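Listed below, chain by chain, are the residues.
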Amino acid sequence: MRVHVVSDVHGRADALARAADGADALVCLGDLLLFIDYADHSQGVFPALFGAETATRLVRLRLARRFDEARRMAAELWASLDGDPADHIERLVREQYAEIFAAMPTPAYITHGNVDVPRYWGDYVRRGHHVLDGQSVEIGGLRFGFVGGGLRTPYRTPNEIDDEEFARKVEAVGEVDVLCCHIPPAIPELLYDVVARRFERGSEATLEAIRRTQPRYALFGHVHQPLAARTRVGRTECLNVGHFRGRGVPFVLEW
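Our subject in this report is the structure included herewith. Model, not experiment: these values are computed from the prediction. (Residues numbered from 1 in each chain as written. Predicted model: local features only at pLDDT ≥ 70, side-chain atom pairs only at ≥ 80, totals over all residues. Heavy atoms only, no water.)

## Things to note about the overall build of the protein chain
Definition in use: Secondary structure elements are defined from DSSP: runs of H or I of at least 4 residues count as helices, runs of E of at least 2 residues count as strands, and each element is numbered from the N terminus. A radius of gyration in this sense is built from C-alpha atoms; the matching globule rule multiplies 2.2 Å by the number of residues raised to 0.38. Each residue gets one of three labels from its accessible area relative to the maximum for its type: buried under 20%, exposed over 50%, partly exposed in between, using a 1.4 Å probe on protein chains only. Should any heavy atoms of two residues lie within 4.5 Å, those residues are considered in contact. All accessible-area figures derive from a Shrake-Rupley calculation using a 1.4 Å probe, and residue coverage is judged against the displayed protein chains alone.
Along the protein chain, the regular secondary structure elements total nine helices and 15 strands. Taking 18 Å as the expected radius of gyration for a compact globule of 255 residues, we find that the protein chain reaches 18 Å, a close match to that expectation. Once the C-alpha set of the protein chain is aligned to its principal axes, its extents read approximately 55 × 35 × 30 Å. For the protein chain, with 255 residues in total, the buried portion stands at 55%. The contacts in the protein chain between residues at least 6 apart in sequence include a share of 59% that link residues at least 24 apart. On the protein chain, roughly 11,600 Å² of surface is accessible, and the fraction owed to carbon and sulfur atoms is 46%.

Okay, here's the thing in structure tokens:
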């Protein structure tokens, strides 16, 4: 059995269309949308509305952790648009989702990332797309559990939830062979992004579940340039499957 795993697609519909080539199934760990590309400030929802130079200013404020200034700047920009800003965002988000889900291979087992907007997914998933969150499914004789979304941060991305809600989803998954989350377990070396030079948030509930149930694998993404891409917790191999927007190739899992 061969399964390809991707995370942090962030608009790479071209590469996504080929991501399951040679595989029996695709697993996608979320972050399908692109709001701002930190490597190319001309790409994403925000620069489509306000331009690359404005996106660069916002990125610099956020990287400097000047979050209050970044929020004031963003609020002024949203207020400058004609009509309701939510309508502009929805239009661009829907355009991205239409392209991404049209490219998504089948069968695909998909969960949400922290920058996703799950309420729109039902309009775009196709036959053979299985959206799972706090649920498990059998793939090739192994039990795969899925936990989507991210935890609360100062960045206030669209799909951040409270620790308690995240923990309930982890508990609902129960014992599995492969635990698939968008965010990593709370292990420092898995959370530090060496390019952004900051720690992302990881899940204590996921780490506790790994220690208690010892799945074969814990797979995740979210941290684009991690200090460590893999480590072990008991018998569990914890693996960052990679930044798909940047790499354009999936992680391969075979058994």
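## Brief notes about helix H5 (residues 85-103)
How we decide: Each residue after the first adds 1.5 Å to the expected span of a helix. Within 3.5 Å is the distance limit for a polar contact, defined as a pair of N or O atoms, with the added protein rule that one can donate a hydrogen and the other accept it, and that residues adjacent in sequence qualify only through two side-chain atoms.
A rise of 1.5 Å per residue sets the reference length of H5, with its 19 residues, at 27 Å; its end C-alpha atoms lie 28 Å apart and thus fit the reference within 8%. Buried within H5 we find His88, Leu92, Val93, Gln96, Tyr97, Ile100, Phe101 and Ala103. Two to three positions downstream of the cap, the backbone nitrogen of Ala86 sits 2.9 Å from a side-chain oxygen, assigning the N-cap of H5 to Asp84.

## Section: the packing of aromatic side chains
What counts is decided by this rule: Stacked, tilted and edge-to-face are the three classes assigned to paired rings of Phe, Tyr and Trp, where Trp is represented by its six-membered ring and a pair needs centres within 6.5 Å; plane angles under 30 degrees give stacked, over 60 edge-to-face, the rest tilted.
All told, the structure shown has ten aromatic pairs when counted by the stated rule. Consider the rings of Phe144 and Trp255, whose centres lie 5.8 Å apart with planes at 45 degrees: the pair is tilted. Remark: Trp255 occurs in the segment after strand E15 (251-254) and Phe144 occurs in strand E6 (residues 142-147); sequence separation between them is 111 residues. Its relative accessible area of 0% is what places Phe144 among the buried residues. Ring-pair connections join several aromatic residues into one group, and the members of that group are Tyr97, Phe101, Trp121 and Tyr124.

## A word on helix H4 (residues 67-79)
Just so we agree on the cut-off: The arc refers to the directions leading from the helix axis to the C-beta atoms.
Between the first and last C-alpha of H4 there are 18 Å, a value that for 13 residues agrees with the 18 Å anticipated at 1.5 Å per step. Among the residues of H4, Phe67, Ala70, Met73, Ala74 and Leu77 are the ones counted as buried. In a view along the axis of H4, the buried residues occupy a sector of 125 degrees, so they form one face of it. Of the residues in H4, the exposed ones pointing more than 90 degrees away from the buried face are Arg72, Glu76 and Ala79. Where H4 is buried, its residues contact helix H2 (45-50) and helix H3 (52-63).

## Focus: the packing of H3 against H4
In a pair of packed helices, the angle between the axes and the distance between the axes together describe the arrangement. Operational definition: Convention adopted: a line fitted to C-alpha atoms gives each axis, helices being fitted over their contacting stretch, and angles between N-to-C directions are expressed from 0 to 180 degrees. By definition in this entry, angles of less than 35 degrees are roughly parallel, angles greater than 145 are roughly antiparallel, angles of 65 to 115 are roughly perpendicular, and the rest are oblique. Handedness of a crossing is defined here by the sense of rotation of the near helix relative to the far one, left-handed for an anticlockwise turn of less than a right angle and right-handed for a clockwise turn. Residue polarity is assigned by list, with Asp, Glu, Lys and Arg as charged and Ala, Val, Leu, Ile, Met, Phe, Trp, Tyr, Cys and Pro as nonpolar; anything else, Gly included, falls into the polar class.
Where H3 contacts H4, the axes come no closer than 8 Å and their chain directions differ by 155 degrees. Regarding the angle of H3 to H4, the classification is roughly antiparallel. Between H3 and H4 lies a crossing of left-handed hand. Along the contact surface, H3 presents Thr54, Arg57, Leu58, Leu61 and Arg62, while H4 presents Phe67, Glu69, Ala70, Met73 and Leu77. A class-by-class count of the residues in the contact of H3 with H4 yields six nonpolar, one polar and three charged.

## A closer look at the sheet that holds strand E13 (residues 230-233)
The line we're drawing: Any two strands between which DSSP finds at least two bridges are classified as paired.
Pairing is mixed across the open sheet formed by six strands, whose spatial order is E5-E6-E9-E12-E14-E13. Bordering the open sheet on either side are strand E5 (135-139) and E13, each of which pairs with just one other strand. On average, each strand axis in the sheet is tilted by 20 degrees relative to the strand beside it, whichever way the strands run. Sheet topology places strand E9 (residues 178-181) next to strand E12 (residues 217-220); three bridges connect them, and they run parallel.

## Thoughts on the sheet that holds strand E3 (residues 108-110)
Strand order across the open sheet formed by five strands is E4-E3-E2-E1-E15, with mixed pairing between neighbours. The two strands at the open ends of the sheet, each matched to only one other strand, are strand E4 (129-131) and E15. Each adjacent strand pair in this sheet contributes to an overall mean axis angle of 20 degrees, direction not counted. In terms of strand pairing, strand E2 (residues 25-28) meets E3 through three bridges, oriented parallel.

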